[in-house]
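Topology and contacts: notes
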Amino acid sequence: MKVKILGSGTLNPSMERGSPSYLVTVDGLNILVDIGPAVVKRLFEYGISANDIDVIVVTHFHVDHTVDLSTFFFVSNYGVTERTKPLLVVGGQGVHKFYRSLLRVYPWIKPKSYELSLKSMSGGGILQIGGFTMKTARVNHNRESIALRIEADKSITFSGDTGYSKNLVRLSSGTDLLVVDCSFPEKKVKGHLNLATLERVAREAQPKKVMLSHLYPEWDEFRGVLYSPYLLAEDGLEVEL
Ligand SMILES: [Zn+2]
Ligand SMILES: [Zn+2]
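In short, a report on the structure. (Residues numbered from 1 in each chain as written. Chains lettered and ligands numbered in written order. Predicted model: local features only at pLDDT ≥ 70, side-chain atom pairs only at ≥ 80, totals over all residues. Heavy atoms only, no water.)

1. Some thoughts on the overall build of the protein
Per the secondary structure count, the protein includes six helices and 14 strands. The C-alpha radius of gyration of the protein comes to 17 Å, within 12% of the 18 Å expected for a compact globule of 241 residues. Counting all 241 residues of the protein, 52% fall into the buried class. Long-range contacts, defined here as pairs at least 24 residues apart, represent 61% of the contacts in the protein between residues at least 6 apart. Carbon and sulfur atoms provide 53% of the accessible area of the protein, an area that totals close to 11,100 Å². Side chains of the protein carry 28 positive and 26 negative charges; the gap between the two charge centres is 7 Å. (Helix = DSSP H or I, 4+ residues; strand = E, 2+ residues; numbered from the N terminus. Rg over C-alpha atoms; globule rule 2.2 N^0.38 Å. Buried < 20%, exposed > 50% of the residue type's maximum accessible area, 1.4 Å probe, protein only. Contact = heavy atoms within 4.5 Å. Areas by Shrake-Rupley, 256 points an atom, 1.4 Å probe, with all protein chains shown as cover. Lys, Arg positive; Asp, Glu negative; His and termini not counted. Charge placed at Lys NZ, Arg CZ, Asp CG, Glu CD.)

What follows is the structure, encoded as structure tokens:
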């Protein structure tokens with residue numbers, strides 16, 4: 001299992017950090033976790049075609065996590081190579097309604113040559129795909145917000161956007177890598193973690209490694225030191241588990 005950080009930032013335009021998005025490769029399949037602004041282009045920059053993606057998980061419907069979903073569907077229909085392999089899109093509560101809303105605005109995104117499945121996993125569900133499982137839990141951000149754990153011989157857990165959450169602690173318990181929203185070093189913002197609230201999650205869940213992501217520009221001013229098991233995410237970083 002490996003993960004590539006496609007974007008470690010936020011909606012704020014930045015030359016260094018794209019909007020939050022991650023590519024997990026496991027059991028020969030590519031899972032895209034969140035798909036905010038310019039993620040399709042970012043995939044292309046890394047030599048990955050939209051047609052290489054098998055599953056897209058949207059942790060919630062905020063713009064910085066979903067806006068390129070329409071681009072993805074559009075390029076699957078009208079890109080250089082028409083998509084033919086099936087696509088699974090997983091989201092929290094309301095994912096079907098969200099898709100229908102997109103379809104009303106952009107009728108051209110309706111799949112032409114491939115099969116699209118939508119699955120709502122609004123917390124507690126487990127999905128078995130090939131040699132791995134995907135499990136979600138509701139977290140504290142939006143009504144539909146979910147965290148995601150992908151498990152094969154190793155496991156990786158994505159917090160999505162969230163403040164402190166008991167569900168996140170349970171879901172990420174003992175995970176090999178927790179990729180977590182730590183939006184700010186110190187600033188307290190409802191629905192996001194900072195170093196203090198992340199510390200509580202990490203103490204209770206005991207993940208083996210913690211990668212801080214969804215980094216707001218406040219992190220550019222950070223002068224502290226992060227100790228193991230903490231790592232700061234960087235765009236393009238690849239971790240093999
Ligand atoms: Zn959000
Ligand atoms: Zn966000």
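2. Some words on the sheet that holds strand E3 (residues 29-33)
The seven strands lie next to each other as E6-E5-E4-E3-E2-E1-E14, forming an open sheet whose pairing is mixed. The sheet is open, and its two borders are formed by strand E6 (116-120) and strand E14 (238-240), each paired with just one other strand. Neighbour-to-neighbour, the strand axes of the sheet open up by a mean angle of 20°, direction not taken into account. The sheet contacts of helix H3 (residues 68-78) involve strand E4 (55-57), strand E5 (87-91) and E6, and relative to E5 the element is tilted by about 170°. The strands touched by helix H4 (residues 95-105) within the sheet are E5 and E6, with E6 carrying the most contacts at an inclination of about 135°. (Pairing = 2+ DSSP bridges. Axes fitted to C-alpha atoms, helices over the stretch in contact; angles between N-to-C directions.)

3. As for the coordination of the zinc ion (ligand 2)
Distances from the zinc ion (ligand 2) to its protein donors, Asp64 (OD), His65 (NE2), Asp161 (OD) and His214 (NE2), fall within 2.1 to 2.2 Å. The coordination sphere of the zinc ion (ligand 2) comprises four donor atoms, whose angles at the metal cover 92 to 163°; the geometry is irregular. Every donor residue of the zinc ion (ligand 2) comes from the same chain, spaced as D-H-x95-D-x52-H. A separation of 3.4 Å is found between the zinc ion (ligand 2) and the zinc ion (ligand 1), both of which receive a donor from aspartate 161. Note that aspartate 64 is positioned in helix H2 (residues 63-66) and histidine 214 in the loop between strand E12 (209-213) and strand E13 (230-232), a separation of 150 residues in sequence. Classification of histidine 214 as buried rests on a relative accessible area of 2%. (Donors = N, O, S within 2.8 Å, 3.2 Å for Na, K, Ca; no water. Tetrahedral: all angles 85-135°; square planar, octahedral: opposite > 155°, others 65-115°.)

4. As for the coordination of the zinc ion (ligand 1)
Taken together, the protein ligands of the zinc ion (ligand 1) are His60 (NE2), His62 (ND1), His141 (NE2) and Asp161 (OD), with distances of 2.1 to 2.4 Å. The coordination sphere of the zinc ion (ligand 1) comprises four donor atoms, whose angles at the metal cover 91 to 167°; the geometry is irregular. Between the donor residues of the zinc ion (ligand 1), the gaps in sequence give the motif H-x1-H-x78-H-x19-D. The exposure class of aspartate 161 is buried, given its relative accessible area of 2%.

5. Here we look at a nonpolar patch on the surface
A contiguous nonpolar surface patch, about 550 Å² in accessible area, is contributed by Phe74, Tyr78, Val105, Tyr106 and Trp108. Following the sequence through the fold, tryptophan 108 ends up in the loop between H4 and E6. The exposure class of tryptophan 108 is partly exposed, given its relative accessible area of 48%. (Patch = residues over 30% accessible without salt bridge, like charges linked within 9 Å, V, L, I, M, F, W, Y side chains within 5 Å. Salt bridge = Lys/Arg side-chain N within 4 Å of Asp/Glu carboxyl O.)

6. Focus: the side chain of aspartate 34
When you line up the elements, aspartate 34 lands in the loop between E3 and helix H1 (39-45). With no salt bridge to any partner, buried aspartate 34 finds its closest opposite charge in arginine 42, at an N-O distance of 14 Å. Setting aside its immediate chain neighbours within four residues, aspartate 34 contacts Pro20, Ser21, Val39, Val57, Val58, Thr59, His60 and His65.

7. Here we look at the pairing of strand E10 (residues 155-158)
Residues of E10 alternate between two faces, with Ser155 and Thr157 on one and Ile156 and Phe158 on the opposite face, all of them buried. Bridge count between strand E9 (residues 146-151) and E10: four bridges; the pairing is antiparallel. If you follow glutamate 151 over to E10, its bridge partner there is serine 155. Between the end of E9 and the start of E10, which pair antiparallel, lie three residues. One ladder, built from three bridges, connects E10 with strand E11 (residues 177-181); its direction is parallel. For phenylalanine 158, the partnering residue across the bridge sits in E11 and is valine 179.

8. A short note on a positive patch on the surface
Together, Lys97, Arg100, Arg104, Arg138 and Arg143 make up a positively charged patch on the protein surface. With three residues, the top contributor of residues to the positive patch is H4. One can find arginine 143 in the loop between strand E8 (132-138) and E9. The class of arginine 143 is exposed, set by a relative accessible area of 60%.

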